[in-house]
Amino acid sequence: MSQEAWTEVDHYLTEALLAPDPTLDAALADSQAAGLPAINVAPNQGKLLMLLAQMTGARRILEIGTLGGYSTIWLARALPADGRLVTLEYEPKHAEVARKNLARAGFADQVEVKVGAAIAALPSLEGPFDFIFIDADKSGYPDYFLWSLKLARPGTVIVADNVVRAGKVLQPGNDANALGVRRMNELIAAEPRVAATAVQTVGSKGWDGFCLIRVK
Ligand code: SAH
Ligand code: DHB
Ligand code: MG
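Thresholds applied
Residues numbered from 1 in each chain as written. Chains lettered and ligands numbered in written order. Predicted model: local features only at pLDDT ≥ 70, side-chain atom pairs only at ≥ 80, totals over all residues. Heavy atoms only, no water. Near = heavy atom within 4 Å. Polar contact = N/O pair within 3.5 Å; in protein donor to acceptor, adjacent residues only side chain to side chain. Areas by Shrake-Rupley, 256 points an atom, 1.4 Å probe, with all protein chains shown as cover. 1 Å grid on protein atoms, 1.4 Å probe; cavity = no way out; pocket = protein on both sides within 12 Å on 5 of 7 lines; lining within 4 Å. Sits in = over half its atoms within 2 Å of the grid points. Nonpolar A, V, L, I, M, F, W, Y, C, P; charged D, E, K, R; others polar. Points joined across faces, edges and corners; volume = space filled by probe spheres on them. Helix = DSSP H or I, 4+ residues; strand = E, 2+ residues; numbered from the N terminus. Pairing = 2+ DSSP bridges. Axes fitted to C-alpha atoms, helices over the stretch in contact; angles between N-to-C directions. Contact = heavy atoms within 4.5 Å. Core = buried A, V, L, I, M, F, W, Y, C linked by side-chain atoms within 4.5 Å. Buried < 20%, exposed > 50% of the residue type's maximum accessible area, 1.4 Å probe, protein only. Donors = N, O, S within 2.8 Å, 3.2 Å for Na, K, Ca; no water.

(A) Representation of the site of ligand 1. Lining the immediate surroundings of ligand 1 are 21 residues, of which Gly 65, Ser 71, Glu 89, His 94 and Asp 135 lie closest. Between ligand 1 and Leu 67, the relevant distance is 3.4 Å, taken from an oxygen atom to a main-chain nitrogen or oxygen of the residue. One nitrogen or oxygen atom from the side chain of Asp 137 is found 3.2 Å from a nitrogen atom belonging to ligand 1. Across the complex, the protein chains shield 88% of the 590 Å² of accessible surface that ligand 1 would expose by itself. Because more than half of its atoms lie within 2 Å of the grid, ligand 1 is assigned to the largest pocket. Considering only residue class, the shell around ligand 1 consists of 10 nonpolar, 6 polar and 5 charged.

(B) Representation of the layout of surface pockets. For the largest pocket, the calculated volume is near 970 Å³. Elements represented by at least two residues in the lining of the largest pocket include exactly α1 (3-17), α3 (43-56), α4 (70-76), β2 (84-89), β5 (157-161), β6 (194-203) and β7 (206-215). Top element by residues in the lining of the largest pocket is α3. It accounts for 5 residues. Within the lining of the largest pocket, the residues separate by chemical class into 21 nonpolar, 16 polar and 10 charged. Estimated volume of the second largest pocket: approximately 480 Å³. Forming the walls of the second largest pocket are 22 residues, and the residues nearest its centre are Thr 14, Asp 25, Leu 28, Pro 43 and Tyr 70. Where the lining of the second largest pocket is concerned, the elements lending two or more residues are α1, α2 (22-33), α3 and α4. If you tally residues by element for the lining of the second largest pocket, the top one is α1, at 4 residues. Its residues placed into classes, the lining of the second largest pocket shows 11 nonpolar, 4 polar and 7 charged.

(C) Main features of the sheet that holds strand β1 (residues 60-64). Judged by pairing direction, the sheet is mixed, and its 7 strands sit side by side in the order β3-β2-β1-β4-β5-β7-β6 without closing on themselves. Unpaired on one side and paired on the other, β3 (111-115) and β6 mark the two borders of the sheet. Shown here is a sheet whose adjacent strand axes are inclined to one another by a mean of 15 degrees, direction ignored. Pairing between β2 and β3: 5 bridges, direction parallel. Bridge pairing links Val 86 to Glu 112 in β3. Along the sheet, helix α5 (residues 92-104) makes contact with β2 and β3, crossing β3 at roughly 170 degrees. Across the face of the sheet, helix α8 (residues 176-189) comes into contact with β5, β6 and β7 while running at roughly 25 degrees to β7.

(D) Highlighting the nonpolar core. Membership of the largest hydrophobic core comes to 31 residues, with the highest contact counts inside it found for Leu 62, Ile 64, Leu 88 and Leu 122. Of all elements in the fold, only β1, β2, α6 (118-121), β4 (131-134), α7 (141-150), β5, α8 and β7 reach the threshold of two or more residues within this core. If sequence neighbours within four positions are ignored, Leu 88 has contacts with Leu 62, Glu 63, Ile 64, Gly 65, Thr 66, Lys 114, Ala 118, Ala 121, Leu 122 and Leu 125. Among the nonpolar cores identified, the runner-up in size contains 29 residues, and Leu 49, Ala 53, Ile 61 and Ala 95 belong to it.

(E) Looking closely at the pairing of β6. Here 10 bridges tie β6 to β7, and the two strands are oriented antiparallel to one another. Looking at the pairing, Ala 196 lines up with Ile 213 of β7. What sits between the antiparallel neighbours β6 and β7 is a turn of 2 residues.

(F) How the structure looks around the coordination of the magnesium ion (ligand 3). Coordination of the magnesium ion (ligand 3) by the protein is provided by Asp 135 (OD), Asp 161 (OD) and Asn 162 (OD1), with metal-donor distances spanning 2.0 to 2.1 Å. Within one chain, the residues donating to the magnesium ion (ligand 3) are spaced in sequence as D-x25-D-N. Of this pair, Asp 135 sits in the loop between β4 and α7 while Asp 161 sits in strand β5, and the two are 26 residues apart along the sequence. Take Asp 135 and Asp 161: they sit in the same class, and that class is buried.

Structure, rendered in structure tokens:
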């Protein structure tokens, strides 16, 4: 099967199971208009994040890597009225687009976009978070995993995106992103306080995968 077929099936699944969503469409349109890269999660993956956060009963969510706030909106939808989400973004322009998208989606008061390197912001955060989505620079994943653990409580669910990258994880060479994912996996495997698995995916974003971690 080919990329074309994966994309067609993703479109079918999205049309079949996801309601039309003008808020998310507008977030993507404005992200594109501002020149942001189209590397947000796919709609069906975004809804998976929302469902996982809901299943966790998440009231406090942390996201590392905001971009234009597309995945952030999905995650914020999982929150109860008094729930809170903190999202970390290095690029000021991305953060500005995200803030507008989040405000239009009705989450201005519930979501805080923190600008700067995630590794600088993480020590200033107060946990525990119930659900954490790791999706910034993949070279930072080992640090983001360790910080997520510090900011977690028993039962916290952590999802890390892009852990396969078209199979690059097998042949990392000098690729800092693939090496980051492999190092994170080593840390996870050596960490008795978590249980984890990873799943490969194909779809409109190609061949990739995610890691799913539960803190014991
Ligand atoms: N979660 C988003 C996509 C994130 S793309 C979605 O699915 O909609 C990755 C984002 O991480 C980019 O916006 C990039 O600027 C940001 N990023 C890269 N390095 C970073 C760092 N060191 N700290 C925080 N954010 C970073
Ligand atoms: C890239 C980043 C992502 O988070 C993603 O889901 C896909 C691609 C990237 O940096 O190329
Ligand atoms: Mg990603």
